[in-house]
Amino acid sequence: MHGDVIEGKWIDCFTRAFELCKVREGEVAAIVSETQSRRVLVKLAELALLRLKAQAFHIVIPTPPVSAPVPVRSTGHSVAIGQNPAIIKALTTATFVADLTIEGLLHSIERPEILASGTRVFMISNEHPESLERLMPDPALKPKVLKGVAMAKQAKKMRVTSAAGTDLHIDMEGANVGGGCGISDEKSQIDYWPGGLCAFYPRPGGVTGTVVMVAGDINLTFKRYLSDPVHMQIERDCITEIHGPGMDADLMKSYFAAWQDPNAYYTSHLGWGMNPRARWDTLVMFDRNDTNGTEQRAFAGNFLFSTGSNRFANRFTEAHFDLPMRNCTIELDGQIVVEKGNLIPELA
Ligand SMILES: [Fe+2]
(Lines give C-alpha, C1' and ligand atoms only; values in the text may rest on other atoms or scores of the structure.)
Protein backbone atom coordinates (compact mmCIF):
# COMPACT_ATOMS: atom_id res chain seq x y z
CA MET A 1 0.00 0.00 0.00
CA HIS A 2 1.23 3.46 -0.87
CA GLY A 3 0.96 6.32 1.60
CA ASP A 4 -1.56 9.06 1.06
CA VAL A 5 0.79 12.00 0.54
CA ILE A 6 0.39 14.19 -2.53
CA GLU A 7 2.04 12.65 -5.57
CA GLY A 8 2.62 14.44 -8.85
CA LYS A 9 1.26 11.41 -10.71
CA TRP A 10 -2.02 11.71 -8.81
CA ILE A 11 -2.33 15.40 -9.70
CA ASP A 12 -1.90 14.22 -13.30
CA CYS A 13 -4.69 11.64 -12.82
CA PHE A 14 -7.10 14.17 -11.36
CA THR A 15 -6.24 16.68 -14.07
CA ARG A 16 -6.92 14.10 -16.77
CA ALA A 17 -10.20 13.07 -15.12
CA PHE A 18 -11.34 16.71 -14.95
CA GLU A 19 -10.28 17.27 -18.56
CA LEU A 20 -12.50 14.35 -19.56
CA CYS A 21 -15.29 16.11 -17.63
CA LYS A 22 -14.57 19.12 -19.87
CA VAL A 23 -13.46 21.42 -17.08
CA ARG A 24 -12.17 24.49 -18.84
CA GLU A 25 -10.11 27.57 -18.05
CA GLY A 26 -12.09 30.10 -16.03
CA GLU A 27 -14.90 27.67 -15.16
CA VAL A 28 -16.40 28.14 -11.70
CA ALA A 29 -15.67 24.84 -9.99
CA ALA A 30 -16.70 23.93 -6.45
CA ILE A 31 -14.91 21.34 -4.36
CA VAL A 32 -17.37 20.10 -1.77
CA SER A 33 -15.98 18.04 1.06
CA GLU A 34 -16.46 17.26 4.73
CA THR A 35 -14.16 17.66 7.69
CA GLN A 36 -13.78 13.86 7.68
CA SER A 37 -13.17 13.55 3.92
CA ARG A 38 -9.95 11.95 2.77
CA ARG A 39 -7.68 15.00 2.75
CA VAL A 40 -5.40 13.79 0.00
CA LEU A 41 -8.34 13.57 -2.43
CA VAL A 42 -9.58 17.05 -1.56
CA LYS A 43 -6.11 18.51 -2.12
CA LEU A 44 -5.59 16.60 -5.35
CA ALA A 45 -8.91 17.95 -6.66
CA GLU A 46 -7.85 21.49 -5.78
CA LEU A 47 -4.41 21.20 -7.38
CA ALA A 48 -5.82 19.65 -10.56
CA LEU A 49 -8.53 22.30 -10.94
CA LEU A 50 -5.95 25.02 -10.44
CA ARG A 51 -3.71 23.40 -13.01
CA LEU A 52 -6.63 23.66 -15.45
CA LYS A 53 -7.02 27.32 -14.44
CA ALA A 54 -10.58 26.81 -13.21
CA GLN A 55 -11.99 29.24 -10.64
CA ALA A 56 -11.87 26.67 -7.89
CA PHE A 57 -13.27 27.16 -4.41
CA HIS A 58 -13.85 24.94 -1.41
CA ILE A 59 -16.98 24.22 0.56
CA VAL A 60 -16.06 22.25 3.65
CA ILE A 61 -18.96 20.93 5.69
CA PRO A 62 -18.59 19.65 9.24
CA THR A 63 -19.29 15.91 9.05
CA PRO A 64 -22.79 15.53 10.49
CA PRO A 65 -23.50 13.75 13.78
CA VAL A 66 -24.21 10.04 13.74
CA SER A 67 -27.94 9.54 13.42
CA ALA A 68 -28.16 5.79 12.78
CA PRO A 69 -27.99 2.89 15.22
CA VAL A 70 -25.24 1.18 13.21
CA PRO A 71 -22.32 2.49 11.12
CA VAL A 72 -23.37 3.63 7.65
CA ARG A 73 -20.92 2.84 4.87
CA SER A 74 -20.69 3.13 1.11
CA THR A 75 -24.25 4.21 0.38
CA GLY A 76 -23.77 7.05 -2.12
CA HIS A 77 -26.32 8.92 -0.03
CA SER A 78 -24.55 11.86 1.59
CA VAL A 79 -26.49 13.76 4.24
CA ALA A 80 -23.66 16.23 4.74
CA ILE A 81 -25.33 19.19 3.00
CA GLY A 82 -28.31 18.89 5.30
CA GLN A 83 -30.40 20.98 2.88
CA ASN A 84 -28.35 24.03 3.85
CA PRO A 85 -29.53 26.69 1.36
CA ALA A 86 -26.20 28.52 1.29
CA ILE A 87 -24.38 25.38 0.23
CA ILE A 88 -26.98 24.53 -2.39
CA LYS A 89 -26.80 28.07 -3.75
CA ALA A 90 -23.02 27.90 -4.03
CA LEU A 91 -23.13 24.51 -5.75
CA THR A 92 -25.80 25.61 -8.21
CA THR A 93 -23.81 28.74 -9.04
CA ALA A 94 -20.79 26.64 -9.97
CA THR A 95 -20.95 24.83 -13.30
CA PHE A 96 -18.76 21.95 -12.10
CA VAL A 97 -18.74 20.29 -8.71
CA ALA A 98 -16.00 17.95 -7.55
CA ASP A 99 -17.85 15.90 -4.95
CA LEU A 100 -15.56 14.78 -2.14
CA THR A 101 -18.24 14.20 0.47
CA ILE A 102 -17.64 10.89 2.16
CA GLU A 103 -20.72 9.12 0.81
CA GLY A 104 -21.19 11.21 -2.31
CA LEU A 105 -24.17 13.14 -3.65
CA LEU A 106 -25.41 10.41 -6.01
CA HIS A 107 -28.49 9.58 -3.94
CA SER A 108 -28.57 12.73 -1.80
CA ILE A 109 -31.77 14.60 -1.20
CA GLU A 110 -30.23 17.75 -2.70
CA ARG A 111 -29.24 16.07 -5.97
CA PRO A 112 -32.27 17.08 -8.07
CA GLU A 113 -31.99 20.75 -7.13
CA ILE A 114 -28.26 20.87 -7.78
CA LEU A 115 -28.53 19.16 -11.17
CA ALA A 116 -31.56 21.22 -12.20
CA SER A 117 -29.29 24.25 -12.30
CA GLY A 118 -27.25 22.63 -15.08
CA THR A 119 -24.28 21.97 -12.82
CA ARG A 120 -22.46 18.76 -13.55
CA VAL A 121 -21.33 16.80 -10.53
CA PHE A 122 -18.33 14.50 -10.53
CA MET A 123 -18.36 12.27 -7.49
CA ILE A 124 -14.95 11.00 -6.53
CA SER A 125 -15.40 7.85 -4.52
CA ASN A 126 -13.73 7.77 -1.13
CA GLU A 127 -10.98 5.44 -2.27
CA HIS A 128 -7.26 5.45 -1.75
CA PRO A 129 -5.84 7.44 -4.71
CA GLU A 130 -3.95 4.32 -5.79
CA SER A 131 -7.33 2.79 -6.73
CA LEU A 132 -8.41 5.88 -8.61
CA GLU A 133 -5.10 5.87 -10.49
CA ARG A 134 -5.60 2.26 -11.57
CA LEU A 135 -9.21 2.90 -12.56
CA MET A 136 -8.86 6.12 -14.53
CA PRO A 137 -11.98 7.25 -16.38
CA ASP A 138 -12.05 5.72 -19.85
CA PRO A 139 -14.08 7.41 -22.61
CA ALA A 140 -14.44 4.00 -24.32
CA LEU A 141 -16.69 2.85 -21.47
CA LYS A 142 -19.38 5.44 -22.10
CA PRO A 143 -20.92 4.04 -25.32
CA LYS A 144 -21.02 0.57 -23.77
CA VAL A 145 -22.76 1.78 -20.63
CA LEU A 146 -25.20 3.77 -22.77
CA LYS A 147 -25.91 0.65 -24.79
CA GLY A 148 -26.63 -1.34 -21.63
CA VAL A 149 -28.85 1.45 -20.33
CA ALA A 150 -30.78 1.49 -23.61
CA MET A 151 -31.29 -2.27 -23.42
CA ALA A 152 -32.55 -2.02 -19.85
CA LYS A 153 -34.89 0.82 -20.77
CA GLN A 154 -36.45 -1.21 -23.57
CA ALA A 155 -36.92 -4.34 -21.49
CA LYS A 156 -40.18 -5.41 -19.93
CA LYS A 157 -38.77 -8.20 -17.76
CA MET A 158 -35.42 -9.05 -16.26
CA ARG A 159 -34.52 -12.43 -14.84
CA VAL A 160 -31.43 -13.28 -12.82
CA THR A 161 -30.37 -16.86 -12.23
CA SER A 162 -27.34 -18.66 -10.86
CA ALA A 163 -26.14 -22.19 -10.19
CA ALA A 164 -26.21 -21.26 -6.51
CA GLY A 165 -30.00 -20.92 -6.64
CA THR A 166 -30.72 -17.29 -7.44
CA ASP A 167 -33.92 -16.93 -9.45
CA LEU A 168 -35.14 -13.36 -9.38
CA HIS A 169 -37.83 -11.81 -11.55
CA ILE A 170 -37.96 -8.07 -12.05
CA ASP A 171 -40.67 -6.08 -13.76
CA MET A 172 -38.76 -3.52 -15.85
CA GLU A 173 -41.75 -1.52 -17.10
CA GLY A 174 -41.64 1.91 -15.52
CA ALA A 175 -38.20 1.30 -13.99
CA ASN A 176 -35.94 4.32 -13.59
CA VAL A 177 -32.82 3.30 -15.49
CA GLY A 178 -29.44 5.01 -15.27
CA GLY A 179 -25.78 4.32 -15.75
CA GLY A 180 -22.39 5.37 -14.50
CA CYS A 181 -19.73 5.95 -17.15
CA GLY A 182 -17.01 7.45 -14.95
CA ILE A 183 -17.10 10.83 -16.67
CA SER A 184 -19.40 13.78 -15.99
CA ASP A 185 -19.18 15.94 -19.09
CA GLU A 186 -22.76 16.98 -19.80
CA LYS A 187 -24.99 19.61 -18.25
CA SER A 188 -27.00 18.36 -15.28
CA GLN A 189 -25.08 15.09 -15.21
CA ILE A 190 -23.86 13.32 -12.09
CA ASP A 191 -21.33 10.56 -12.50
CA TYR A 192 -18.66 8.92 -10.42
CA TRP A 193 -15.07 7.73 -10.45
CA PRO A 194 -14.50 4.80 -10.74
CA GLY A 195 -17.50 4.18 -12.97
CA GLY A 196 -19.00 1.44 -15.07
CA LEU A 197 -22.48 0.38 -14.06
CA CYS A 198 -25.96 -0.10 -15.50
CA ALA A 199 -28.48 0.28 -12.69
CA PHE A 200 -32.14 0.94 -12.20
CA TYR A 201 -34.83 1.43 -9.60
CA PRO A 202 -37.83 -0.76 -10.35
CA ARG A 203 -41.32 0.56 -9.79
CA PRO A 204 -43.11 -0.62 -6.62
CA GLY A 205 -43.84 -4.31 -6.33
CA GLY A 206 -41.68 -5.32 -9.28
CA VAL A 207 -39.12 -7.61 -7.62
CA THR A 208 -39.95 -11.18 -6.58
CA GLY A 209 -37.92 -14.37 -6.21
CA THR A 210 -34.85 -15.80 -4.56
CA VAL A 211 -31.34 -14.41 -4.20
CA VAL A 212 -28.60 -16.75 -3.05
CA MET A 213 -25.25 -15.21 -2.25
CA VAL A 214 -22.28 -17.53 -1.92
CA ALA A 215 -18.65 -17.41 -0.82
CA GLY A 216 -16.83 -14.72 -2.76
CA ASP A 217 -19.89 -12.55 -3.25
CA ILE A 218 -19.57 -9.23 -1.48
CA ASN A 219 -21.37 -7.17 1.11
CA LEU A 220 -20.13 -3.64 0.48
CA THR A 221 -21.58 -2.17 3.65
CA PHE A 222 -19.38 -4.59 5.56
CA LYS A 223 -16.62 -4.34 2.89
CA ARG A 224 -16.30 -8.08 3.19
CA TYR A 225 -16.39 -11.17 1.02
CA LEU A 226 -18.94 -13.71 2.14
CA SER A 227 -17.54 -17.02 3.26
CA ASP A 228 -20.93 -18.70 3.69
CA PRO A 229 -24.14 -18.72 1.66
CA VAL A 230 -26.97 -16.30 2.39
CA HIS A 231 -30.48 -17.04 1.08
CA MET A 232 -32.98 -14.23 0.68
CA GLN A 233 -36.61 -14.68 -0.29
CA ILE A 234 -38.20 -11.61 -1.84
CA GLU A 235 -41.92 -11.00 -2.26
CA ARG A 236 -42.99 -7.83 -4.05
CA ASP A 237 -39.72 -6.00 -3.22
CA CYS A 238 -39.62 -7.08 0.44
CA ILE A 239 -37.17 -9.57 1.90
CA THR A 240 -39.48 -11.90 3.77
CA GLU A 241 -36.89 -14.46 4.79
CA ILE A 242 -33.13 -14.46 5.20
CA HIS A 243 -31.11 -17.40 6.37
CA GLY A 244 -27.78 -19.12 6.04
CA PRO A 245 -25.57 -21.54 7.92
CA GLY A 246 -22.82 -19.15 8.99
CA MET A 247 -21.90 -15.76 10.32
CA ASP A 248 -22.62 -13.89 7.08
CA ALA A 249 -26.37 -14.39 7.37
CA ASP A 250 -26.22 -13.52 11.07
CA LEU A 251 -24.34 -10.29 10.36
CA MET A 252 -26.86 -9.25 7.72
CA LYS A 253 -29.86 -10.13 9.88
CA SER A 254 -28.37 -8.22 12.79
CA TYR A 255 -27.72 -5.13 10.66
CA PHE A 256 -31.22 -5.21 9.17
CA ALA A 257 -32.79 -5.59 12.59
CA ALA A 258 -30.78 -2.75 14.13
CA TRP A 259 -32.65 -0.19 12.03
CA GLN A 260 -36.08 -1.16 13.37
CA ASP A 261 -37.34 0.11 10.03
CA PRO A 262 -39.48 -2.00 7.68
CA ASN A 263 -38.12 -0.06 4.70
CA ALA A 264 -34.64 -1.47 5.37
CA TYR A 265 -35.86 -4.87 4.12
CA TYR A 266 -37.00 -3.64 0.71
CA THR A 267 -35.10 -3.73 -2.55
CA SER A 268 -33.34 -0.61 -3.74
CA HIS A 269 -31.51 -0.52 -7.09
CA LEU A 270 -30.46 -3.46 -9.26
CA GLY A 271 -28.11 -3.74 -12.18
CA TRP A 272 -24.83 -5.08 -13.48
CA GLY A 273 -21.17 -4.05 -13.63
CA MET A 274 -19.66 -2.78 -16.87
CA ASN A 275 -16.03 -1.90 -16.16
CA PRO A 276 -13.56 -4.45 -17.58
CA ARG A 277 -10.67 -2.97 -15.58
CA ALA A 278 -12.51 -3.03 -12.26
CA ARG A 279 -11.76 -6.23 -10.38
CA TRP A 280 -13.67 -8.54 -8.12
CA ASP A 281 -10.60 -9.55 -6.14
CA THR A 282 -8.97 -6.27 -5.08
CA LEU A 283 -11.06 -5.74 -1.96
CA VAL A 284 -8.82 -8.25 -0.25
CA MET A 285 -5.84 -5.92 -0.82
CA PHE A 286 -7.14 -2.89 1.07
CA ASP A 287 -7.82 -2.03 4.67
CA ARG A 288 -11.48 -1.14 5.11
CA ASN A 289 -10.69 2.50 5.74
CA ASP A 290 -8.83 2.71 2.43
CA THR A 291 -11.71 1.62 0.22
CA ASN A 292 -15.30 2.52 -0.48
CA GLY A 293 -15.80 -0.58 -2.64
CA THR A 294 -16.92 1.29 -5.76
CA GLU A 295 -14.61 -0.90 -7.84
CA GLN A 296 -16.57 -3.95 -6.71
CA ARG A 297 -19.86 -2.38 -7.80
CA ALA A 298 -18.39 -1.85 -11.24
CA PHE A 299 -16.49 -5.04 -12.06
CA ALA A 300 -17.69 -6.35 -15.39
CA GLY A 301 -20.47 -8.91 -15.24
CA ASN A 302 -21.38 -8.67 -11.58
CA PHE A 303 -25.04 -8.71 -10.65
CA LEU A 304 -25.58 -5.81 -8.26
CA PHE A 305 -28.49 -6.33 -5.92
CA SER A 306 -29.18 -3.77 -3.25
CA THR A 307 -31.57 -3.10 -0.40
CA GLY A 308 -32.86 0.13 1.10
CA SER A 309 -34.25 3.33 -0.39
CA ASN A 310 -36.10 3.48 -3.67
CA ARG A 311 -37.34 7.03 -4.07
CA PHE A 312 -39.29 6.00 -7.19
CA ALA A 313 -41.31 3.69 -4.94
CA ASN A 314 -41.53 6.32 -2.19
CA ARG A 315 -39.45 4.29 0.23
CA PHE A 316 -36.74 6.06 2.18
CA THR A 317 -34.21 4.73 4.66
CA GLU A 318 -30.53 5.25 5.35
CA ALA A 319 -30.08 1.49 5.64
CA HIS A 320 -28.41 0.24 2.48
CA PHE A 321 -26.70 -2.92 1.31
CA ASP A 322 -24.93 -3.10 -2.05
CA LEU A 323 -24.35 -6.77 -2.80
CA PRO A 324 -22.32 -7.56 -5.94
CA MET A 325 -22.49 -11.21 -6.99
CA ARG A 326 -20.44 -13.27 -9.38
CA ASN A 327 -21.42 -15.99 -11.83
CA CYS A 328 -25.02 -14.86 -12.34
CA THR A 329 -26.89 -14.90 -15.64
CA ILE A 330 -28.99 -11.85 -16.42
CA GLU A 331 -31.65 -11.88 -19.12
CA LEU A 332 -33.72 -9.01 -20.47
CA ASP A 333 -36.90 -10.29 -22.09
CA GLY A 334 -35.17 -13.64 -22.57
CA GLN A 335 -32.04 -12.14 -24.15
CA ILE A 336 -28.87 -12.77 -22.16
CA VAL A 337 -26.81 -9.69 -21.28
CA VAL A 338 -24.60 -11.34 -18.65
CA GLU A 339 -23.86 -15.05 -18.92
CA LYS A 340 -22.51 -16.74 -15.81
CA GLY A 341 -20.82 -13.52 -14.76
CA ASN A 342 -19.57 -12.51 -18.21
CA LEU A 343 -20.90 -9.60 -20.23
CA ILE A 344 -22.02 -10.49 -23.72
CA PRO A 345 -19.50 -9.31 -26.36
CA GLU A 346 -21.79 -6.44 -27.36
CA LEU A 347 -21.35 -4.89 -23.93
CA ALA A 348 -17.84 -6.06 -23.07
FE1 LIG B 1 -26.22 1.36 -3.69
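Residues numbered from 1 in each chain as written. Predicted model: local features only at pLDDT ≥ 70, side-chain atom pairs only at ≥ 80, totals over all residues.

A. The arrangement of the sheet that holds strand β13 (residues 230-235) in detail. Strand order across the open sheet formed by 8 strands is β14-β13-β10-β6-β5-β18-β19-β20, with antiparallel pairing between neighbours. Strands with a single pairing partner mark the edges of an open sheet, and in this sheet they are β14 (238-243) and β20 (342-343). With 4 bridges connecting them, strand β6 (residues 167-171) and strand β10 (residues 207-213) associate as antiparallel partners. Each bridged residue has a counterpart across the sheet, and for Asp-167 the counterpart in β10 is Thr-210. In this fold helix α7 (residues 247-259) packs onto β13 and β14, with an angle of close to 140° to the strand it touches most, β14. (Pairing = 2+ DSSP bridges. Helix = DSSP H or I, 4+ residues; strand = E, 2+ residues; numbered from the N terminus. Contact = placed C-beta atoms within 7 Å. Axes fitted to C-alpha atoms, helices over the stretch in contact; angles between N-to-C directions.)

B. Examining unusual backbone geometry more closely. Of note, the amide linkage connecting Trp-193 to Pro-194 takes the cis form, showing an omega dihedral of 0°. For Pro-194, the location among the structural elements is in the loop between β8 (190-193) and β9 (197-201). The phi torsion at Gln-83 lies on the positive side, around 60°, for a residue other than glycine. Of note in this structure, Arg-236 is not a glycine but carries a positive phi near 45°. Residue placement: Arg-236 occurs in the loop between β13 and β14. Given 13 C-beta atoms within 10 Å, Arg-236 falls into the partly exposed group. (Buried ≥ 20, exposed ≤ 12 C-beta atoms within 10 Å, placed from the backbone.)

C. Geometry of the domain arrangement of the protein. Here the protein is described as being made up of domain 1 (8-134) and domain 2 (141-188 + 195-343). The interface is formed by 23 residues belonging to domain 1 together with 23 residues belonging to domain 2. Residue contributions to the side of domain 1 that touches domain 2 peak at 3 residues, all from strand β4 (residues 120-124). Looking at side-chain class alone, the side of domain 1 that touches domain 2 contains 10 nonpolar, 9 polar and 4 charged residues. (Domains from an automatic or database assignment. Nonpolar A, V, L, I, M, F, W, Y, C, P; charged D, E, K, R; others polar.)

D. Representation of the environment of Glu-46 in the model. Within the secondary structure layout, Glu-46 lies in helix α2 (residues 39-51). Beyond its immediate chain neighbours, meaning those up to four positions away, Glu-46 contacts Ile-31 and Ala-56.

E. Up close: the environment of Tyr-255. Looking at where Tyr-255 falls in the secondary structure, it is placed in helix α7. In this structure, the C-alpha to C-alpha distance between Tyr-255 and Glu-331, residues 76 residues apart in sequence, is 31 Å. Beyond its immediate sequence surroundings of up to four residues, Tyr-255 is in contact with Val-70 and Thr-221.

F. Examining the nonpolar core more closely. Among the nonpolar cores identified, the biggest contains 88 residues, and Ala-29, Ala-45, Leu-49, Val-97, Ala-98 and Phe-303 are the most heavily contacted of them. For this core, the element with the most residues is helix α1 (residues 8-20), which contributes 6 residues. Viewed by domain, this core spans two of them, domain 1 (8-134) and domain 2 (141-188 + 195-343), each represented by three or more residues. If near-sequence neighbours (up to four positions away) are discounted, Ala-45 is found in contact with Phe-14, Ile-31, Ala-98, Leu-100 and Ile-124. (Core = buried A, V, L, I, M, F, W, Y, C linked by C-beta atoms within 7 Å.)

G. Expanded view of the sheet that holds β4. Across the sheet, 5 strands lie side by side as β2-β1-β3-β4-β8; this open sheet has parallel pairing. The outermost strands of the open sheet, each flanked by one partner alone, are β2 (55-61) and β8. Strand-to-strand twist in this sheet, taken as the mean axis angle between neighbours without regard to direction, amounts to 20°. Of the pairings in the sheet, the one linking strand β1 (residues 28-34) to strand β3 (residues 96-100) comprises 5 bridges and is parallel in character. Note that in β3 the partner of Ala-29 across the bridge is Phe-96.

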